[in-house]
Structures are given as structure tokens and as C-alpha cells.
Amino acid sequence: MGLKSKTMDIVKYFEFKFNKNLGQNFLIDENILKKIIDAAELDENSTVIEIGPGIGTLTQEMAKRCKKVVAVEIDKNLIPILEETLGNFKNIKIIHADALKVDFNKIIEEENLENVKVVANLPYYVTTPIIAKLLNEKVKISSMIIMIQKEVADRILAKPNTDEYGTLSLLCQYHCDIKKICKVSPNCFVPPPRVESMVIRLNIRDKKRVDVLDEALFFNIIKSAFNMRRKTLSNSLKSIVKDENALLKALEEANIDPKRRGETLSIEEFANLSNILIRQKS
Ligand code: SAM
């Protein structure tokens, strides 16, 4: 039986009602499922955190190939379905919780997870906050293999001087090496979402892409530069560096024209500017 009929049978049997607000678009395409599993490069030593297992389609395929899967699902209506569909797997743990609120490092410690990867068909309404949480909280994972809206994938991969380039691009590119895996059309899901999707792989770097003396300042500068995208740097960074002369001096030392806009700066330029500002302070 195909994945589509299997999924529809489960949905009918449990009288499950899709909740649009929770981004419930279940994967029904075997090809894409295989591509996600292959990209995750699972083996008997690796463990997985899955965010939003749905009815457990991806969960069980991963559990066949790795040591343990811990899946975090917010919808209480899916818990009895998961208990039934995944009941035979001793290496799957379901946690009924909001992925935005859980302490992933605590889960990793409590469940004794090693070589951890996040693999997920992410609920689209919370894609960015989940990625930001995993990176900002320095969750101890080696990679994320995630299906997300194509538009968000484009932002993650974006280069300077493009409309897509912004805080999300810089956050992800600072922490990760990023690879496109494949595009996914809406008809690979039930119900079909309105947008195209993409699977990407983010490998967390041991050494960050650029050397930064103060990460909080580095990201604050980035945030301010993109908060007011249309403004010049000398304007948009006023909220961070109150002393205008100090700001102009730092921009000059960094070889950055104060009339440039944030979206033109490379990650190296943002790092250099924030390091100069830190040195100026001390
Ligand atoms: N993994 C399944 C698949 O590929 O068919 C389902 C993916 S569906 C796009 C997203 C899943 O995330 C749904 O099961 C939804 O209930 C769950 N979800 C939504 N918001 C969540 C949150 N904040 N924390 C945990 N799970 C969430």
C-alpha cells in the first residue's frame, strides 16, 4: 500500500481532523521520504530529535536506521495515534510538548542522546523561531535536516545584495554549512500546502564561519541593520552605538562607507565592525 493510502487510512480510522493552525501537512511521497532519510545519514550510533512527528511516517523510518528517536509533538490528538502506529518500536520516545518551549539540551541529557541530529518536516508557522531556538540555545546537535517553505530556504541561503538576505541568513550561515537537498511540490503532502517546500541540511560548524568577540553585539548590529533595511548604516546603527563619532570612526576603521545599507554587508564585514566596536569600548 502506498504512503498516501496508508496515511488516509490512519486519518480515517482515528477520525483525525487536520489542524491548519498547527501547520499539519503530512508527507505522503515515498521518494521525498527517502531523500530526507538519505540526507540524514543515520546509523546505529546516531540519535534523532524529530519536531512534529504527525502520524509517525518519518519517525518509524528513522527508528529502523538509528539508535533512538525522540519526537516532540504539540497536538494531543496525535498522541494516541502515535502510540498505536509506533507501538512496536522500543527506540522511539514521544514527548507531548510545544517544541518552542522545551529545553532540548535537557532532553538530550535525560535521554542520553549522542550524535544527535534534528530531522523534521517542520510546522511552517514556526520554522524560523525553531531554527533560531536550536542555534541560539546552542543545542548539542551535529546537523538539522529539515523540510521548510522554499521561501524560507531561500532566505537561509541568501547572499548579500539580495531581497532574501537578512538576519536569518546570517544566523544560519554563521553557525552552519548549508546544503540544498531537494525541492518538494505541494502535492507531496496531505493536505497540500499553498507553497513550495525544500529540504535542506544544515551542518553545525565546530568553528563559526567568522571570529566574533561578542556574539550578542554581533547579532544586535545585524538586527538593527535589517530592522531598518532602507536606512544607511550610520542611521540604522544609532540605536546600538549612541556616540555618533564613535560609530563613524568604527565604520571608517572597518572600511565601510556609512552610506551603505545593511543588506550590502558580508558576514565578514559585520564581524569586523562588531569586533572594532568592542575594542573601542575597552
Ligand atoms: N512529520 C510529519 C510528516 O512529515 O508527515 C508531520 C509534519 S507536519 C508539517 C508538522 C507537525 O508538527 C504536525 O504534526 C504538528 O501537529 C506539529 N507541530 C506544530 N507545531 C508544533 C510545535 N510548536 N511543537 C511541536 N510540534 C508541533
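These numbers were taken from a predicted model, which means no experiment stands behind them. (Residues numbered from 1 in each chain as written. Predicted model: local features only at pLDDT ≥ 70, side-chain atom pairs only at ≥ 80, totals over all residues. Heavy atoms only, no water.)

Asks: Help me understand the packing of aromatic side chains in this model?
Replies: Aromatic ring pairs: the centre-centre distance and the angle between the two ring planes describe each pair. All told, the structure shown has nine aromatic pairs when counted by the stated rule. Arranged with centres 5.7 Å apart and planes meeting at 80°, the rings of Tyr165 and Phe226 form a pair that is edge-to-face. Here Tyr165, found in the loop between α7 (150-157) and α8 (167-175), pairs with Phe226, found in helix α9 (residues 215-227); they are 61 residues apart in sequence, far enough to count as distant. Since its relative accessible area comes to 1%, Tyr165 is described here as buried. Here a set of aromatic residues connected by ring pairs shows up, and it is made of Phe16, Phe18 and Phe26. (Phe/Tyr/Trp six-rings, centres within 6.5 Å; stacked < 30°, edge-to-face > 60°. Helix = DSSP H or I, 4+ residues; strand = E, 2+ residues; numbered from the N terminus. Buried < 20%, exposed > 50% of the residue type's maximum accessible area, 1.4 Å probe, protein only.)

Asks: When you look at the packing of helix α6 (residues 127-136) against α8 in this model, what are you seeing that I'm missing?
Replies: At their nearest, the axes of α6 and α8 sit 11 Å apart, and the two run at 35° to each other. Crossing of α6 against α8: the hand is left-handed. Where α6 abuts α8, its residues Thr128, Ile131, Ala132, Leu135 and Asn136 lie against Leu168, Leu171, Cys172 and His175. Here the residues of the contact of α6 with α8 sort into six nonpolar, three polar and no charged. (Axes fitted to C-alpha atoms, helices over the stretch in contact; angles between N-to-C directions. Left-handed = near helix turned anticlockwise from the far one by under 90°. Contact = heavy atoms within 4.5 Å. Nonpolar A, V, L, I, M, F, W, Y, C, P; charged D, E, K, R; others polar.)

Asks: Would you explain the domain arrangement of the protein in this entry?
Replies: The figure often quoted for interface size is the accessible area lost as the parts come together. The domains assigned to the protein are domain 1 (3-204) and domain 2 (215-281). Between the C-alpha centres of domain 1 and domain 2 there is a distance of 35 Å. Both sides together, the interface formed by domain 1 and domain 2 hides about 1100 Å², and carbon and sulfur atoms give 63% of it. For domain 1, the biggest contributors to the area lost against domain 2 are Tyr165, Leu170 and Tyr174; these three give 48% of the whole. Across the contact surface, domain 1 and domain 2 share one salt bridge. (Domains from an automatic or database assignment. Buried area = accessible area lost by both parts, 1.4 Å probe. Salt bridge = Lys/Arg side-chain N within 4 Å of Asp/Glu carboxyl O.)

Asks: Would you mind showing me how to read the environment of Lys117 here?
Replies: With respect to the secondary-structure elements, Lys117 resides in strand β5 (residues 116-121). Look at Lys117 and you get buried, because its relative accessible area is 10%. Measuring from C-alpha to C-alpha, the distance between Lys117 and Ile204 comes to 9.9 Å, with 87 residues separating the pair along the chain. Once residues within four sequence positions are removed from consideration, Lys117 is found in contact with Ala40, Glu41, Leu42, Ser46, Thr47, Val48, Ile49, Ser142 and Ser143. A polar side-chain atom of Lys117 sits 2.8 Å from the main-chain carbonyl oxygen of Ala40. (Polar contact = N/O pair within 3.5 Å; in protein donor to acceptor, adjacent residues only side chain to side chain.)

Asks: When you look at the pattern of salt bridges in this model, what are you seeing that I'm missing?
Replies: Enumeration according to the criterion identifies 17 salt bridges in this entry. Here Arg155 makes a salt bridge to Glu151, at a shortest N to O gap of 3.5 Å. Highlighted residues: Arg155 and Glu151, both in helix α7, separated by four residues, approximately one helical turn. Among the charged side chains, a network of salt bridges with common partners joins Arg229, Arg230, Arg261 and Glu263.

Asks: Quick question: what am I supposed to make of the side chain of Ser266 here?
Replies: Inspection of the secondary structure assignment puts Ser266 in the loop between α11 (244-253) and α12 (267-281). Exposure remark for Ser266: the relative accessible area of 19% places this residue in the buried category. Beyond its immediate sequence surroundings of up to four residues, Ser266 is in contact with Pro160 and Tyr165.

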